[in-house]
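# Geometric and topological summary
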Amino acid sequence: MAMSVRVRLGSQFRNIMRVCFHENRHMSTAEIVVEKSENPKEPERISLEEQQRLNDIAKNERMEKLLNMRFAYQEFLPDPNPKNRNTLKERLERRDMLARRSNVEIPEFYVGSLVAVMHSDPHAPGKNNRFMGICIQKIGAGLRASFILRNFIDGEGVEINFDMYDPTIQRIDVIRLEKRLDEELFYLRDAPPEYSTFPVDMEPEYQPEGSAVPVNEIKVPLKPLPWLVKWERMGMKGIRDVTSMLTEKRLRMSKLKQFNKPWEKYDLLKMYSETIPIEDQVEIFSEIQEKLHELEQHRYKMKRSRNFVKPTKMG
Amino acid sequence: MTTLLKVLYGFNPLKSFLTPKPDFLEITCRSKHRILPKPKKRFPPWLIKSTRSTRYEDELTSENKTFLKQLVQEKYPRPESGYGSYSPLNLNIVESAVEWSPSYQRAGLIARKIGVYPMWMKDGRKVLTTLFQVADNHVIKYQPPETYKPMITKRKTSLPPSKGSLIIGADSADPQLFTKEYCGLFEESGVMPKRLLARFHVSPEAALQPGTPLLASHFKVGQYVDIRGKTINRGFQGVMKRWGFHGMPASHGVTKTHRRPGNIGSGGKKARVMPGTKMPGHMGNRYRVLKAQRIVRINTKYNVLWVLGSASPGECNSCVQIFDTVLPLKNCNYLKQTPYFPTYYPGRDEELPEELMVDDLHNFNDPTIMFTEDEE
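Residues numbered from 1 in each chain as written. Chains lettered and ligands numbered in written order. Predicted model: local features only at pLDDT ≥ 70, side-chain atom pairs only at ≥ 80, totals over all residues. Heavy atoms only, no water.

## Overview of the overall build of chain A
The helix and strand inventory of chain A stands at eight helices and five strands. Reading the secondary structure of chain A in the N-to-C direction produces α-α-α-α-β-β-β-β-β-α-α-α-α. With 315 residues in all, chain A has 43% of them scored as buried. Within chain A, contacts between residues at least 6 apart in sequence are counted, and of these 69% link residues at least 24 apart. As presented, chain A carries roughly 19,200 Å² of accessible surface, and 52% of it is formed by carbon and sulfur atoms. (Helix = DSSP H or I, 4+ residues; strand = E, 2+ residues; numbered from the N terminus. Buried < 20%, exposed > 50% of the residue type's maximum accessible area, 1.4 Å probe, protein only. Contact = heavy atoms within 4.5 Å. Areas by Shrake-Rupley, 256 points an atom, 1.4 Å probe, with all protein chains shown as cover.)

In structure tokens, the structure reads:
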């Protein structure tokens, strides 16, 4: 491939941290840096080589746009385990996913975003239920894709695991679109309740179109021991310093080499076997891109037509 | 007189009781069937050594290779749409005019297990479905019950055999890959040599002409099927993984016996290990049948079956045999269904849409499921 792929040290480290958990399909191309044309002004005569170079850059930009879909449409990438892969099954699954997306809008959101889900529930009064909370995990490939929402309701921590393609979901609203420093926020279970308490009737916050997704760099303090997980070993970035809480032994243990796994950054095949190759990603996203764009256009039109109120004759 | 006595003695009903019997200790077998079946003595004669041990690629010039390729293409032209690979009998299949009756046994299919994914029922329930691709099935050979002599028969009955044998092949491949003898198996049907073969016992009424293509629409949605396949090979396993024993405590003074079975026999007169005792050993890599699984969705374009449940034998991309269920309370007769008999013929039977679904399965093209309050 003509694309220059440069892996930065910082992002590499983040990826290794992410390997602790099993959701890492989308990280195959850690950071794609594409050469930008230096002289936007066109010279009088373009040589063949220059033309070739410009074409390559345009192609690379297209590719970059295509490959960046792996963040918003993460669940379209299949399970990277080669034992479970089958081209026909993946194609049929993608078709079902697009069919579901044509009936309900599944917006772009990330771990750390505030999301409200309206879903049909046969046991609820009125047969409908709305739950709003912070997304603490997004996991699964294909129709198995799911996410967990967490909130404090009546002084009780509540978490609900929703399937993204569940046909009982009527609407998914993104209240606040943002990212956190980590890929999973399970440490909120060991944090004080105010860090996962959000008012249920929050108004959605809108951002200008095309702006980058903001990253909330909040550092969460943890409650005193005991915890559900030994967070000091997990290398979480969104946790405030906890060394003062730990006993001397646990502090010593957390610094042991066996929990740090320094060798993993040299394991080149690990990354390859746990991710989908770029060639496959391009194939998948170029297949779904057209349909997704069509759906987006249709939805935009519908929204405009709904806003327009026909003036009525007075008197 | 002596002859008369002999005859009387022969008819004596008490003869069997009067003969002395040695006093044997009765030993019960805990397992209903043998865990490891007896190895078959005779090799099935229809299963000839298929693949060639050596291929003399170097001795062929490029012209020879192109000539061979051309020859294969001439003999087996491109497939027609909806039929899988080429069959010479596509155009004039002899369709059987016999009507279906519950006593008839139909042919089965060879399918590839391609994955598992969830679907939702109309009541909002999430179910797991297994996908099977019916890859390119053709009838290879039929033997009527008179000439069909199976190698191993379980019961020796005096009745004449009632079922014939139907051999079905799947997954066409280049004839150069196989031996001459193996390619000879496909001469009668005229189809390309197949990688996979399977035998099904069928009623003579359900016999199919060699060369007939079999499609996923051989089955109907809502029908129950049995799935036979080779389970995942797990190697030599302990008693906890193989039989689900609980093992022994991790602490409280237990040493070296955390995953062991414990006692396997008793003392006294029966001072031995009973046959069929659950013990460590080789796990998996055996043929197992999963009975009465419901077909909920069929794709007639890609020939894919969606079967409810995720417990079918074998790993992903392995091959299984699928046939009408043998369970009496789930078969077509009990559920008042009429299957396509002897199989689905695209010309004779009604034209099917691309997607077929049972009524209680949610189609992803349908709008969101809404529950309404019961008005009382």
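## Quick word on the overall build of chain B
For chain B, the helix and strand inventory stands at five helices and 13 strands. For chain B, with 376 residues in total, the buried portion stands at 36%. Taking the contacts inside chain B whose residues are at least 6 apart along the sequence as the reference set, 77% of them involve residues at least 24 apart. By element, 55% of the accessible surface of chain B is carried by carbon and sulfur atoms, the whole surface being about 24,000 Å².

## A word on the sheet that holds strand β6 (residues 213–214) of chain B
Overall, antiparallel pairing links the four strands, which are arranged β5-β4-β3-β6 (chain B) in an open sheet. Edge positions in the sheet fall to β5 (194–202) and β6 of chain B, since each has one partner strand and no second. (Pairing = 2+ DSSP bridges.)

## Observations concerning the packing of aromatic side chains
On inspection of all chains with the given rule, the structure shows ten aromatic pairs over all chains. Ring geometry for Tyr104(B) against Phe341(B): centres 5.4 Å apart, planes inclined by 25 degrees, an arrangement best described as stacked. Here Phe341(B) lies in the loop between β12 (319–324) and β13 (355–357) and Tyr104(B) lies in the loop between α3 (62–75) and β1 (109–120), a separation of 237 residues in the sequence. In this structure Tyr104(B) comes out as partly exposed when scored by relative accessible area, which is 22%. A connected cluster of aromatic rings, assembled from ring pairs, spans Phe109(A), Phe147(A) and Phe162(A). A cation over a ring is seen here: Lys138(A) above Phe109(A), with NZ or CZ 4.4 Å from the ring centre. Above the face of the Tyr110(A) ring, Lys179(A) is positioned so that its terminal group lies 4.6 Å from the ring centre. (Phe/Tyr/Trp six-rings, centres within 6.5 Å; stacked < 30°, edge-to-face > 60°. Lys NZ or Arg CZ within 6 Å of the ring centre and 35° of its normal.)

## Here's the deal with the interface of chain A and chain B
Contact residues are listed per partner, giving 28 residues for chain A and 32 residues for chain B. Regarding the contact of chain A and chain B, the summed buried area is about 2,500 Å², with carbon and sulfur atoms giving 58% of it. Seen at the junction of chain A and chain B, the total is four salt bridges. Here Lys126(B) ties to Asp163(A) by a salt bridge, and the two come within 3.3 Å at their closest N and O atoms. Residue assignment for the side of chain A that touches chain B shows that the elements contributing at least two residues are α4 (87–101) and β5 (169–176) of chain A. With nine residues, the single largest contributor to the side of chain A that touches chain B is α4(A). Here the residues of the side of chain A that touches chain B are counted per class, giving eight nonpolar, seven polar and 13 charged. (Buried area = accessible area lost by both parts, 1.4 Å probe. Salt bridge = Lys/Arg side-chain N within 4 Å of Asp/Glu carboxyl O. Nonpolar A, V, L, I, M, F, W, Y, C, P; charged D, E, K, R; others polar.)

## Digging into the nonpolar core
Among the nonpolar cores identified, the biggest contains 76 residues, and Phe76(A), Phe109(A), Phe147(A), Tyr187(A) and Phe285(A) are the most heavily contacted of them. Top contributing element to this core by residue count: helix α8 (residues 278–307) of chain A, with six residues. With near-sequence residues (within four places) excluded, Tyr187(A) lies in contact with Asp182(A), Val220(A), Leu222(A), Trp231(A), Met236(A), Gly238(A) and Ile239(A). Listed in part, the 31 residues of the second largest apolar core include Val134(B), Tyr142(B), Val320(B) and Phe323(B). (Core = buried A, V, L, I, M, F, W, Y, C linked by side-chain atoms within 4.5 Å.)

## Examining the pairing of strand β3 (residues 137–143) of chain B
Residue and element names in this part refer to chain B. Of all seven residues in β3, five are buried, a share of seventy percent or more. Inspection of the sheet shows β3 paired to β6 by two bridges, in the antiparallel sense. In the sheet register, Asn137 faces β6, and the bridge partner there is Leu214. Bridge count for β3 against strand β4 (residues 164–172) is five bridges, and the pairing is antiparallel. Across the sheet, the residue bridging to Gln143 is Ser165, located in β4.

## Some thoughts on a nonpolar patch on the surface
Residues and elements named next belong to chain B. The grouping of Leu329, Tyr334 and Leu335 at the surface amounts to a nonpolar patch, some 300 Å² of accessible area in total. Secondary-structure assignment places Leu329 in the loop between β12 and β13. Classification of Leu329 by relative accessible area gives exposed; the value is 54%. (Patch = residues over 30% accessible without salt bridge, like charges linked within 9 Å, V, L, I, M, F, W, Y side chains within 5 Å.)

## Topic: the sheet that holds strand β4 (residues 156–163) of chain A
Within a sheet, neighbouring strands are paired by backbone hydrogen bonds and run either parallel or antiparallel to one another. Residues and elements named next belong to chain A. Here five strands make up an open sheet; going across it, the order is β4-β3-β2-β1-β5 and the pairing antiparallel. Every other strand in the sheet has two partners, leaving β4 and β5 as the edge strands with one partner each. Across this sheet, the average inter-strand angle for adjacent strands is 35 degrees, counted without regard to direction. In terms of strand pairing, strand β1 (residues 114–120) meets β5 through six bridges, oriented antiparallel. Bridge pairing in β5 places Val117 opposite Ile172. (Axes fitted to C-alpha atoms, helices over the stretch in contact; angles between N-to-C directions.)

## Describing α4(A)
All names here are of chain A. With 15 residues, α4 ought to run about 21 Å at 1.5 Å a step, and its terminal C-alpha atoms sit 21 Å apart, in line with that. The set of residues buried in α4 consists of Leu88, Lys89, Glu90, Leu92, Glu93, Arg94, Asp96, Met97, Leu98, Ala99, Arg100 and Arg101. The opening residue of α4 is Asn86, an N-cap whose side-chain oxygen sits 3.0 Å from the backbone nitrogen of Leu88. (Expected span 1.5 Å × (residues − 1). Polar contact = N/O pair within 3.5 Å; in protein donor to acceptor, adjacent residues only side chain to side chain.)

## Structural notes on the side chain of Thr275(A)
Residues and elements named next belong to chain A. With respect to the helices and strands, the residue Thr275 is situated in the loop between α7 (268–273) and α8. Accessibility expressed as a relative area gives 7% for Thr275, which makes it buried. Looking at Thr275, its side chain comes within polar contact range of the main-chain oxygen of Met271, at 2.6 Å.

## Some details on the confidence of the model for chain A
Where the model shows low pLDDT, its predicted coordinates should not be examined in detail. Residue and element names in this part refer to chain A. This prediction gives chain A a mean pLDDT of 84; 83% of its residues lie at or above 70. Overall, residues 1–10 carries pLDDT values under 50, and its contacts beyond four positions in sequence, including any with other chains, amount to 18 contacts. Note on residues 27–34: pLDDT under 50 across the span, and 28 contacts to partners over four residues away in sequence or across chains. (pLDDT = per-residue confidence, 0-100.)

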